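Read off the chains here:
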Amino acid sequence: MNPLQVAVGVVKSADGKILISLRDQSSHQGGLWEFPGGKIEQQETAEQALIRELKEELNLNVKAATPLITVKHQYTDLLVQLNVFLVEDFSGEVESCEGQAFLWVEPDALRQYAFPKVNQPIITAARLPDRYAILEDTDEPLLRINLQKILDRGVKLIQARLKTLPPEAVKKFVEQAYPLCKQKGALLLINSAVKSPDDLEADGIHLTSRDLMFLDKRPGHRRWVAASCHTLQELRHAQKIGVDFIVLGPVLPTQTHPGAEVLGWKRFAELVSRINLPVYALGGMSESSVIAARSAGGQGISAIRAFIESE
Ligand SMILES: Nc1nc2c([nH]c(=O)n2[C@@H]2O[C@H](COP(=O)(O)OP(=O)(O)OP(=O)(O)O)[C@@H](O)[C@H]2O)c(=O)[nH]1
Ligand SMILES: [Mg+2]
């Protein structure tokens, strides 16, 4: 059966708050909060439906929208596909055209509201940025310089992939890096290949694909859990154990792995469409690849060099 196609907007104000509204008690999933939107009519594109619905429901004029995530869900009574857009460019004051309650909420506070179950990955996508920097092993002074470059560039999500640095050096570095990241409002995740990642204070863990496949449940006491994947099997396992987001690649050829087999954007898009999770594209990315990644259904890009090389 073809899913019911729905266009949904994560509407973000200039001060970073997100618009949610309360579903009418009598409607499907009634009494729960939602991101505004509605069914895509015949002859309409998802974007056209989004523009029409946000005008009809909230009197908002959408000026630009970019794809954020697509999720599919089988309710007992209904199969839906939510085509979610990020809307940062709009005009007009929100009005409750259908008498529904609405609220502007900080992204990190979205989890406190009751949404339909399928909305969970949308909430995660709304909280995450479009760039995920990887901080690679190198000598310590250079590591600090690279971290500073990443932070100066405004990247808000960073993975410390310090696989070969001795544990004491890793500990010393993370103890300095974590407060710096906090100060800049950036999240710091520690790669699971780091020796004793549990001893390090950070925002979460980034699982290697190998470590991911050894787990049968999400590691506890972690605010954020991410994972590296290369195959559909790994993606499905990540979704099953409740990982928050994925890095998938290599998408394009890289200098570090010349001749390695790559997915390409088409296969990347196909794989992303099979799961309901935010996915970053890795491999051969530059800052300008964000647009391609988002068009392919991804959350954005992950890279090592793109964020430390001069623009
Ligand atoms: N708009 C919206 N719909 C959602 C969300 N999550 C979710 O499961 N849905 C489901 O998507 C379907 C369509 O959404 P809708 O009820 O907004 O459609 P609509 O505005 O065209 O409604 P109408 O038929 O009353 O005019 C519903 O079955 C609803 O339960 C969400 O965050 N926003
Ligand atoms: Mg609606």
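Residues numbered from 1 in each chain as written. Chains lettered and ligands numbered in written order. Predicted model: local features only at pLDDT ≥ 70, side-chain atom pairs only at ≥ 80, totals over all residues. Heavy atoms only, no water.

### Section: the pairing of strand 9 (residues 157-161)
Counted residue by residue, strand 9 has five buried out of five residues, so it is predominantly covered. Of the two faces of strand 9, the one holding L157, Q159 and R161 and the one holding I158 and A160 are both buried throughout. Looking at chain direction, strand 8 (residues 131-136) and strand 9 are connected through four bridges and run parallel. Note on strand 9: the bridge partner recorded for I134 is Q159. A crossover connection joins strand 8 to the parallel strand 9 through helix 3 (residues 140-152); in handedness this β-α-β unit is right-handed. Pairing of strand 9 with strand 10 (residues 187-191) involves four bridges; the strand directions are parallel. Within the sheet, the bridge partner assigned to A160 lies in strand 10 and is I190. The parallel pair strand 9 and strand 10 is bridged by helix 4 (residues 167-183), and the resulting crossover is right-handed. (Buried < 20%, exposed > 50% of the residue type's maximum accessible area, 1.4 Å probe, protein only. Helix = DSSP H or I, 4+ residues; strand = E, 2+ residues; numbered from the N terminus. Pairing = 2+ DSSP bridges. Right-handed = clockwise from strand over helix to strand, strands pointing away.)

### Thoughts on the confidence of the model for the protein chain
Averaged over every residue, the pLDDT of the protein chain is 95; the share at 70 or more is 100%. Two summary scores accompany this predicted model of the complex, namely pTM at 0.95 and ipTM at 0.97. (pLDDT = per-residue confidence, 0-100.)

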